[in-house]
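# Geometric and topological summary
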Amino acid sequence: MSAKARSAQDDPAGTGAAVSSAAGTQTLLRGLKVLECVAAGTQDVQGIAERLGTPRSTTHRILSSLVAAKYLHHLPHKGYLLGPMPIYLGHRALEQRPLVAMAQPHCEALSRQTGDTVHLGVMDGAEVVYLLKISGTRGFEMRSRVGQRMPLATTGIGKALMLGLPEPRWRELHESALALNARSRDRPPALPWEPYAERMRAYRARGVVFDLEENEVGIRCAGAPVHDRGGRVAAAISVASAAPFMPEERLEEVAPLVRATADAVARELGWTE
């Protein structure tokens, strides 16, 4: 009798296979959690073990496997960093998103036209996730990066995404931003609800929003929503720069360019006015 047949005879219900599968799934999930920890800044074995709730020996085995597979890179006496594989997968994920592929040439053209940094982002809960960043040519590099998350209610690109939401949802997101500001002393103060809502209504009427240093002191931007085939707000585009390069007069000049670019991308997605 073969080993496989003996195994099946000894375990007719297949419980061994089920246990093995469950253990494999647990190991996979732990590995993914390790990657999330390292990406968030927890880079030492002890810190990762505490976050996972696993013994140091188990954590070390997972880390070693991830290093061997190039998902992590180990620096002696310093800790673990993301390796080349997540970078490769991240680029491939962006390339496979039709939105990014369609929007990129339009965003590049807008950046060349204005000389400023252009972002493309989508909504995820109460945050905007940046999918694309085209740096400007003014010698001023913004701290934003692809994959970064920022609050919807205080960013230009986030407020552009909010234009597709009902007003009660605006208030929830505004309150979320207020709570974030209360926890972070370095954030600019948020507008009270009534003047904030009045601005948002005016923005919705014209289809363009402004960020007047509401998310970061010294940074201003203009944003516009990108609609999909069904008319829903699927993404948003913004042009951002340092306040000296973006006085309110120039914001007004840039606004129609941002709106035209967002509409061009929307048409690529099948939207018709």
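From a predicted model like this one, the values you see are computed outputs, not experimental measurements. Per chain, the residues get numbers from 1 upward, laid out in the order the sequence is written. Whole-chain, interface and lining totals are the exception, using all residues; otherwise, since this is a predicted model, local features are given only for residues with pLDDT of at least 70 and side-chain atom pairs are given and counted only at 80 or more. Only hydrogens and water are set aside; all other atoms, that is, all heavy atoms of the structure, feed into the side-chain values.

## Things to note about the sheet that holds strand S4 (residues 127-134)
Adjacent strands of a sheet pair through backbone hydrogen bonds, lying either parallel or antiparallel. The following threshold applies: Only strands that DSSP links by at least two bridges are regarded as paired with each other. Only DSSP runs of H or I covering at least 4 residues are called helices, and only runs of E covering at least 2 are called strands; the numbering of each starts at the N terminus. In this description, a line fitted to the C-alpha atoms serves as the axis of each element, helices being fitted only across the stretch in contact, and the angle between N-to-C directions of two axes falls anywhere from 0 to 180 degrees. Here, two residues are considered to be in contact whenever any of their heavy atoms come within 4.5 Å of each other.
A sheet is described by the order of its strands in space; here 6 strands give the open sequence S5-S4-S3-S8-S7-S6, paired in antiparallel fashion. For this open sheet the edge positions go to strand S5 (149-151) and strand S6 (209-212), each flanked by a neighbour on one side alone. Mean inter-strand twist for the sheet, computed between neighbouring axes without regard to direction, equals 35°. In this structure, strand S7 (residues 219-227) lies alongside strand S8 (residues 233-242), joined through 9 bridges in antiparallel fashion. From the neighbouring strand, cysteine 221 faces S8, where its bridge partner is alanine 240. Helix H10 (residues 248-268) contacts S6, S7 and S8 of the sheet and is inclined by roughly 25° relative to S7.

## Quick word on the side chain of aspartate 116
Spelled out, the test is: To sort residues, take the accessible area from a 1.4 Å probe on protein chains only and compare it with the maximum for the residue type: under 20% means buried, over 50% means exposed, and anything in between is partly exposed. In the analysis that follows, any N or O atom pair within 3.5 Å is treated as a polar contact, provided that within protein one partner can donate a hydrogen and the other can accept it, and provided that, for residues neighboring in sequence, both atoms belong to side chains.
For aspartate 116, the position within the fold is in the loop between helix H6 (98-114) and strand S3 (117-124). Residue class for aspartate 116 comes out buried when judged on its relative accessible area of 1%. One polar contact links aspartate 116 to arginine 138, side chain to side chain, over a distance of 2.6 Å. Not counting chain neighbours up to four residues away, the residues in contact with aspartate 116 comprise Ser111, Ile134, Ser135, Gly136, Arg138, Val239, Ala240, Ser241, Met246 and Arg250.

## Brief notes about H10
Stated precisely, the cut-off is as follows: The span expected for a helix works out to 1.5 Å for each residue beyond the first. Bend at a residue means the angle formed by two fitted axes: the first through the 7 residues ending at that position, the second through the 7 residues beginning there.
With 21 residues, H10 ought to run about 30 Å at 1.5 Å a step, and its terminal C-alpha atoms sit 30 Å apart, in line with that. Valine 254 marks where H10 bends most, by close to 30°; the proline proline 256 follows one to four residues later. Tucked inside the fold, the buried residues of H10 contact H6, helix H9 (193-206), S6, S7 and S8. Positive phi appears at glycine 270, one or two residues downstream of H10, with a value of about 100°.

## Digging into the packing of aromatic side chains
This is how the line gets drawn: Two rings from Phe, Tyr or Trp (for Trp, the six-membered ring) form a pair when their centres are within 6.5 Å of each other. A pair whose planes differ by under 30 degrees is stacked, one over 60 is edge-to-face, and the rest are tilted.
Evaluation of the coordinates by the stated rule reveals 2 aromatic pairs. Between the aromatic rings of tryptophan 193 and tyrosine 196, the centroid separation amounts to 6.2 Å while the plane-to-plane angle is 35°, which identifies the pairing as tilted. Remark: tyrosine 196 and tryptophan 193 occur in helix H9; sequence separation between them is 3 residues, near one turn of the helix. Accessibility classification places tryptophan 193 together with tyrosine 196 in one group, the buried group.

## Section: the confidence of the model for the protein chain
Using the following cut-off: The quantity called pLDDT is the predictor's confidence in a given residue, expressed from 0 to 100.
The predicted model of the protein chain has a mean per-residue pLDDT of 87, with 90% of residues at 70 or higher. Here residues 3-8 is a poorly scored stretch, pLDDT under 50, and it has 1 contact once near neighbours within four places are set aside; other chains count.

## Some points on a nonpolar patch on the surface
The line we're drawing: Each patch is built from salt-bridge-free residues with over 30% relative accessible area, joining like charges within 9 Å and nonpolar side chains (Val, Leu, Ile, Met, Phe, Trp, Tyr) within 5 Å. The Shrake-Rupley method, run with a 1.4 Å probe, gives the accessible areas here. Residue values count only the displayed protein chains as cover. By convention in these notes, a salt bridge is any Lys or Arg side-chain nitrogen within 4 Å of a carboxyl oxygen on Asp or Glu.
Together, Leu28, Leu29 and Leu32 line one region of the surface with nonpolar side chains, adding up to about 290 Å² of accessible area. Of note, leucine 29 is situated in helix H2 (residues 15-40).

## What to know about the pattern of salt bridges
Overall, the coordinates contain 15 salt bridges when judged by the stated rule. In this structure, glutamate 175 engages arginine 171 in a salt bridge whose closest nitrogen and oxygen atoms are separated by 3.8 Å. Taken together, the positions of glutamate 175 and arginine 171, both in helix H8 (residues 167-183) and 4 residues apart, correspond to about one turn of that helix. Judged by relative accessible area, glutamate 175 falls into the partly exposed class, the value being 45%.

## Quick look at helix H4 (residues 56-68)
Worth spelling out the cut-off: Working note: the arc is built from the helix axis to C-beta atom directions.
Between its terminal C-alpha atoms H4 stretches 18 Å, which fits the 18 Å expected from 13 residues at 1.5 Å a residue. The set of residues buried in H4 consists of Thr58, Thr59, Ile62, Leu63 and Leu66. Take H4 and look down its axis: the buried residues cluster within an arc of 135°, on one side only. Counted as exposed and oriented over 90 degrees from the buried face of H4: Arg56, Arg61 and Ala68. Backbone geometry just downstream of H4 places lysine 70 in the positive-phi region, at approximately 70°.

## Overview of the packing of helix H3 (residues 45-52) against H4
Inclusion rule: Note on angle classes: values under 35 degrees are labelled roughly parallel, values over 145 roughly antiparallel, values of 65 to 115 roughly perpendicular, and the remainder oblique. Under the convention adopted here, Pro, Cys and the residues Ala, Val, Leu, Ile, Met, Phe, Trp and Tyr are nonpolar, Asp, Glu, Lys and Arg are charged, and Gly plus all remaining residues are polar.
It is the contact of H3 with H4, at a shortest axis distance of 9 Å, that shows an interaxial angle of 105°. Considering the angle they form, H3 stands roughly perpendicular to H4. Residues Val45, Gln46, Ile48 and Ala49 of H3 pack against Arg56, Thr59, His60 and Leu63 of H4. Grouping the amino acids of the contact of H3 with H4 by side-chain chemistry returns 4 nonpolar, 3 polar and 1 charged.

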